[in-house]
Structures are given as structure tokens and as C-alpha cells.
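Residue-level listing of the chains:
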Amino acid sequence: MTGRNRWLTAYAIAGYIFLFLPIAVLILFSFNDSKRNFQWKGWTFDWYPMVFANEALIDALFVTLRVAAVAVAVSTVLGTLLGLALARRRFRGRTGTETLLLVPMVTPEIVMGLSLLVFFYQLFDSRGSFNQLALAHITFCVSYVAIVVRARAAGMDGSLEEAARDLGASAFGAFRYVTFPLILPAVISGALLAFALSFDDYVVSTFNAGVGSSTLPLYIYGKVKFGITPEINAISTIIVATTGVVILLAWRIGARRDARARATATDR
Amino acid sequence: MSADSPVAPPTIRSRAEALTSAILVVPGVAWLILFFVVPLGMIFLVSLGSRDELDRIVLTNLSFDNYLRALDPAFLPTFLNSLRYAAATTILSLLIGYPIAYWISRYGGRHKALLLVLVMLPFWTSYLIRTYAWMIILRDNGVANWALQAVGLTSEPLILLNTDFSVILGMTYGFLPFAILPLYVSIDRLDSSLIAAARDLYASGRGAFLHVTLPLTMPGIVAAMILTFIPAIGDFVTPDLLGGAQTTTIAKVIQELFLEGRDWPFGAALGFILMLITLGGTLIALRPLRREVVGA
């Protein structure tokens, strides 16, 4: 290795430390034996049971999960259909559809959030509710699912579906038994992404959640504004650990599947 | 790109194909028109309105008064603040992200995929929680001040939180993965024999980088700039949590107008301007490169 490579490697390692150090500090302080959580006072696991005993927090968690479930279900269906169409079909208004998908992704979240608030307030006199929240989440998730599915479906061999049709499969049959299994990994990644976006969302939710539909990010935000508590560190650690494990698992499964696919390709 | 060359349907089935295309396209498009385009149209309409004494929205006498108010010199610092934060975040993300992306691509070897997942891992983790982590580190008696004093660099705690420094640091931290990914894609696509050729033709290492690597990875650089600038300029969470009460950005003003104050028409006008800034900037920068970003 030349001197310059060593510098670059050191730079990159420093970059990774920058990315992970704050998360490490967050996790460490969830075990801090100090109510005010300023300085390190010693180890404790007391904050974790407190998280599960906190009713407001658990309620907020369930609202978040319910919103995410609706958002994932609907946006995955809509996004998958759109992604398939863009990857494999020629139709009028294609460019317009592409633009319609991209614009929500580059729109500031705060604009999307307030526009839905204005929409619901003007048409239904609603300042926020569970349904309004779920609907808003679906809207910002659709594009992401569509882009992920489209990328996968575009790389798929179109003649497979044609072959199924030539062998007498109905359009739906060909989709059900040929296309869908092939794009399923992308559908799952799209759904995971939608879940992460919905579960994490604060900005859009702050405009569209109603009384009683406060989500976990809204709850955490409210607490964080007034100070730092070890309890928030504990719930944060639980969230970070859960997402970390899910992402690494998804990556391992994906890597193994790719390796298998390569192995079959070379066997032929 | 294969996405733009869809399989041509055989003509006999063309009618059935048209029907299935409609089934695929119409639900999603209808959803986005109803819940994205129409609401945007509505905030534009509301931004032309005014409010009565009871803070209700009045839509008679439409005018551009709210936009003129937004251009008032009193509001200029707010816009400039947002632009300054977003610009600093974009530049820092490029400076930090490019060498990392370059290193993953050139020296990552068989660990490339894992190294990329590690970059993305913080992105999948709650943005709010990551911002909160910086509050723990930066506050007066936080980890950073403890470390600085332990090393002996300062004797008194420095004020790190609620400063421009903390806002820019928090945004850069939050949006760095958005820069690294497109940079990695374009650097990894670069044919390394071109650099070898430049070196064979007696270019210095720096010359080869400036005249070969940098221009050829420009699509990735532009994509990275867009993907960090857009969320940074509209960011509300970081200026609010790491910037404190005295930091004002457009997003913070909009949020206050909608959720605390009651001047929705003016808030809608500011929101619409924010939307135009990001959309306009994106369209100009993206025009020649749209495929790069969609493919990334």
C-alpha cells in the first residue's frame, strides 16, 4: 500500500466512526445510572422496564405500528403496480407518470405535510385524525416502492412472461406464477423501505396526526424538546437495535440469494 | 438503460395489454393526483387568500400579497439562513463523502456490499433519534465538552449546541449517506483503465484525478448535491432541536405559522416558495442526468 492509500483508508475509517459514534453514545447512555443523564455515573438496566411501563409511550408505539401497517399495505400495492408498468409497459402518459412519481420525492416533507393538512381542513374540516395520518403516509411511500420495484422489474427477462402466455397461461396466471415470484424480493425491499419511512416520520405526522393518534416520533419529539432523559435513550436503543438487526438480516438473505442465482447461472 | 426499453407487446394482445396497463397505472396515478397534486394546488389557492379576524381562511379577493410579504427584507435573513445551512451541508457532505465513496469502490474488495450497508444503516435508523444523539454529545455538559476538557484543550465548557456549527454538523451527519450512495455508483462505474492511461501519458496523480476522475464522476457529484440540498433546505427537525429558539429557517417559520400562529395563507405562500426553490433547483441540475439518479 502506498502512503496515499493509507491516508485514504484512515479518512474512510474516520468517516465510519463519524457515522456510528453518535449512535454508540446514544446506546451507552441508555444504561447510564443517572436521572439527569449528563455525565456517566455507572451501569443500570432500570430504564428499559420503565419504557414498557410507560402507557403513553406504548400507546404511541401502537399508533405508529397501525399507521405503518396501513401505509405499507396500500403503498406496496400501488407502488408495485406502478413500478411494473414503468419497467415493462409502453403506455401513453409514461413521462408524466414518471414525473408524478419523482416530484413527491423531491418535495420538502414540510410542504407535503402542510398541503395535506390544508386539503383535509378545507374539504372535511379535519385538523388531523388516524385516517388522515395513514393516508398521508401512504402518499409519501408510494414513490419509493415504485422506484425499487421498477429497478428490479426492468432487469427481469421479459421473455419468461411471454413464454408463460404462449403456453396458455392467462395474463393473471403469468403474473401470479412467473412475474410476481421474480419481483418479490423487490416488493419486500420496497415494503421494508415504506415501513422505515412511515415508522420514522415526524414532519408529515406533526401536521396530520389528530388527538389520540400521536405517533412514537411525535411522542419522542415532545420529550426531547424539554430535555434529555435516559428513558428516551432506552426506547431509541430498542428502535435502533431492531432496525439494525432487520437491515443486516435482509442484506444477508439478499446476498445469499444473489450468490445462489450466480451459482445457477454458471451451472447452465 | 433497460428501464426505458420495455418489452414490445405482440399486436394480437394489444387490447388486453392496454387494459392491463391501465390496471397497473391508474390506481397509483389517481392516488398521487388526488392526495399530492390536488393538495399542492390547494395550498397555492390558499396562499393567494387572506384571513379574517377569527383566523379563518378567506378566498375572496385573491392576490399575491403573501408572496410580496415573503419578499420583504425582514424575511430575507430567514431565507438566507436556510440557503446557508443547505449549502454548507451540501459542500461538507461532498468533501466527506467523496473520499469515502472512492475508498469503498477502489479498496472495498469483497466487502463492498457490507461497507455500503454500513453507510446506509444510519439512514434506516430514525432521523429524529440520530439528531437526539447529537444533543447528548454537544450540550454544555455533554460528551464532547467532557472529552475536550479531559484532553486539556479547553478548561471551560464550550457552547456547542444551539449554534450554526451544531445545525450544520447535524444536517451533514443526517444527509451524508444520501451523498455517499450516488457518488459510489458513479465512481464504481468509472473504468479504472482510463486513469491508468492518463498516468501512462505522464499525468500526475493529481492531474489524472482532476482531468479524468472528477469530470467522469460529475453525474454522481450532481446527484449527491441534489440529494443533500433538498432535504437540508426543507429540514425542520435539525434547526429546531440543534439550533434552539434563536435559529430561524423557512421550515421553522412555516411550522410555527401552521401549528402555533394561525396565518395559514402566509404559511402556504412560504411553503410554495420553498417547493419552487427545490423543484426549480432539481430540474435545472437534473435535466441532463435524470437517468443517473433514477438508476442509483
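Think of each chain on its own: its residues are numbered from 1, step by step along the sequence as written. Each chain is given a letter, starting from A, and each ligand a number, starting from 1, according to the order in which they appear as written. For a predicted model such as this one, the threshold for reporting local features is a pLDDT of at least 70, and the threshold for listing and counting side-chain atom pairs is 80 or more; totals across whole chains, interfaces and linings nevertheless cover every residue.

S.K.: Lay out the overall build of chain A in plain terms, naming residues and giving numbers.
M.R.: Runs of E in the DSSP output that reach at least two residues are strands. Runs of H or I that reach at least four are helices, and both are numbered from the N terminus. Secondary structure summary: chain A contains eleven helices and zero strands in total. The secondary structure elements of chain A, listed N-terminal to C-terminal, are α-α-α-α-α-α-α-α-α-α-α. Put plainly, a residue is buried at 20 or more neighbouring C-beta atoms within 10 Å of its own, exposed at 12 or fewer, and partly exposed in between, counting only other residues' C-beta atoms, which are placed from the backbone. Across the 268 residues that make up chain A, the buried fraction comes to 44%. Residues are scored as being in contact if the C-beta atoms we place from backbone atoms lie within 7 Å. Expressed as a percentage of contacts within chain A between residues at least 6 apart in sequence, the contacts between residues at least 24 apart total 78%.

S.K.: Could you give an account of the overall build of chain B, naming the residues involved and the relevant values?
M.R.: Helix and strand counts for chain B stand at 14 helices and two strands. Note that the radius of gyration is over C-alpha atoms, with the globule rule given as 2.2 Å times the number of residues to the power 0.38. For a compact globule of 296 residues, the expected C-alpha radius of gyration is about 19 Å, and chain B comes in at 24 Å, more than 25% above that figure. Summarising the internal contacts of chain B: among those between residues at least 6 apart in sequence, 72% fall at separations of at least 24.

S.K.: So, helix 5 (residues 127–138) of chain B: which residues are in play, and what are the values?
M.R.: Residue and element names in this part refer to chain B. When the terminal C-alpha atoms of helix 5 are compared, their 17 Å separation across twelve residues agrees well with the 16 Å that a helix rising 1.5 Å per residue should span. Across the twelve residues that make up helix 5, a large majority, twelve, are buried. Every buried residue belonging to helix 5 is among Tyr127, Leu128, Ile129, Arg130, Thr131, Tyr132, Ala133, Trp134, Met135, Ile136, Ile137 and Leu138, and all of these are buried. Here a helix's expected span is defined as the number of its residues, less one, multiplied by 1.5 Å.

S.K.: Give me the interface of chain B and chain A: which residues, what numbers.
M.R.: If you look at the interface, chain B gives 70 residues, while chain A gives 73 residues. Among the secondary structure elements, those contributing two or more residues to the side of chain B that touches chain A are helix 1 (14–47), helix 3 (76–107), helix 4 (112–124), helix 5, helix 6 (143–151), helix 11 (237–243), helix 12 (250–259) and helix 13 (264–286) of chain B. Examining the composition of the side of chain B that touches chain A, we find that 18 residues originate from one element, helix 1 of chain B, more than from any other. Side-chain classes follow a simple rule in which Ala, Val, Leu, Ile, Met, Phe, Trp, Tyr, Cys and Pro form the nonpolar group, Asp, Glu, Lys and Arg form the charged group, and the remainder, Gly included, forms the polar group. By residue class, the composition of the side of chain B that touches chain A is 56 nonpolar, 13 polar and one charged.

S.K.: Tell me about the environment of Arg199 of chain B, and please be specific about residues and values.
M.R.: Residue and element names in this part refer to chain B. Topologically, Arg199 is positioned in helix 8 (residues 192–200). Classification of Arg199 as partly exposed rests on a count of 14 C-beta atoms within 10 Å. Separated by ten residues in the primary sequence, Arg199 and Phe209 place their C-alpha atoms 9.9 Å from one another.

S.K.: Any details on unusual backbone geometry? Residues and values, ideally.
M.R.: Unusually for a residue other than glycine, Asp125 of chain A sits at a positive phi of about 55 degrees. With respect to the helices and strands, Asp125 of chain A occurs in the loop between helix 5 (109–124) and helix 6 (130–154). Phi is positive for Asn162 of chain B, close to 60 degrees, though the residue is something other than glycine. For Asn162 of chain B, the position within the fold is in the loop between helix 6 and helix 7 (164–189).

S.K.: Go over the packing of helix 5 of chain A against helix 12 of chain B, please, and point to the residues and values.
M.R.: Where helix 5 of chain A meets helix 12 of chain B, the closest approach of the two axes is 11 Å, and the angle between their N-to-C directions is 15 degrees. Considering the angle they form, helix 5 of chain A stands roughly parallel to helix 12 of chain B. Helix 5 of chain A and helix 12 of chain B meet at a crossing whose hand is left-handed. Residue-level contacts link Ile110, Leu114 and Leu117 of chain A of helix 5 of chain A to Ala251, Ile254, Gln255 and Phe258 of chain B of helix 12 of chain B. In this analysis, axes come from line fits to C-alpha atoms, helices being fitted only over the stretch in contact, and the angle between any two N-to-C directions falls in the range 0 to 180 degrees. The labels follow the angle: roughly parallel below 35 degrees, roughly antiparallel above 145, roughly perpendicular from 65 to 115, and oblique for the rest. Put simply, a crossing is left-handed when the front helix is turned counterclockwise from the back one by less than a right angle, and right-handed when it is turned clockwise.

S.K.: Describe the environment of Thr78 of chain B, with residues and values.
M.R.: By the secondary structure assignment, Thr78 of chain B is in helix 3. Aside from chain neighbours lying at most four places away, what touches Thr78 of chain B is Thr248, Thr249, Ile250 and Val253 of chain B.

S.K.: Tell me about the environment of Trp264 of chain B, and please be specific about residues and values.
M.R.: With respect to the secondary-structure elements, Trp264 of chain B resides in helix 13. For the pair Trp264 of chain B and Asp55 of chain B, spaced 209 residues apart in the sequence, the C-alpha separation amounts to 8.3 Å. Residues within four places of Trp264 of chain B in sequence aside, it is in contact with Val118 of chain A together with Val46, Arg51, Ile57 and Phe258 of chain B.

S.K.: Now, about the packing of helix 3 of chain B against helix 10 (residues 218–233) of chain B: what can you tell me, with residues and values included?
M.R.: When two helices pack together, their arrangement is given by the angle between the helix axes and by the axis-to-axis distance. Residue and element names in this part refer to chain B. Here helix 3 crosses helix 10 at 140 degrees, and the two axes come no closer than 9 Å. Classed by the angle they form, the pair helix 3 and helix 10 counts as oblique. Here helix 3 runs over helix 10; the crossing is right-handed. For the pair formed by helix 3 and helix 10, the contact residues are Ser82, Leu83, Tyr85, Ala86, Thr89, Thr90, Ser93, Leu94 and Gly97 on the first element and Ile221, Ala224, Met225, Thr228, Phe229, Ala232 and Ile233 on the second. For the contact of helix 3 with helix 10, the residue count by class is ten nonpolar, six polar and no charged.

S.K.: Explain the confidence of the model for chain B to me, and be specific about the residues and the numbers.
M.R.: Residues and elements named next belong to chain B. On average, chain B scores 85 in pLDDT, and the residues at 70 or more come to 92%. Across chain B, the element-wise mean pLDDT spans from 47 in helix 14 (residues 290–295) up to 93 in helix 3. How sure the predictor is of each residue is captured by pLDDT, a score from 0 to 100. Counting contacts from residues 292–296, a segment whose pLDDT is below 50, to residues more than four positions away or on other chains yields twelve contacts. With pTM at 0.87, the complex prediction returns an ipTM value of 0.87.

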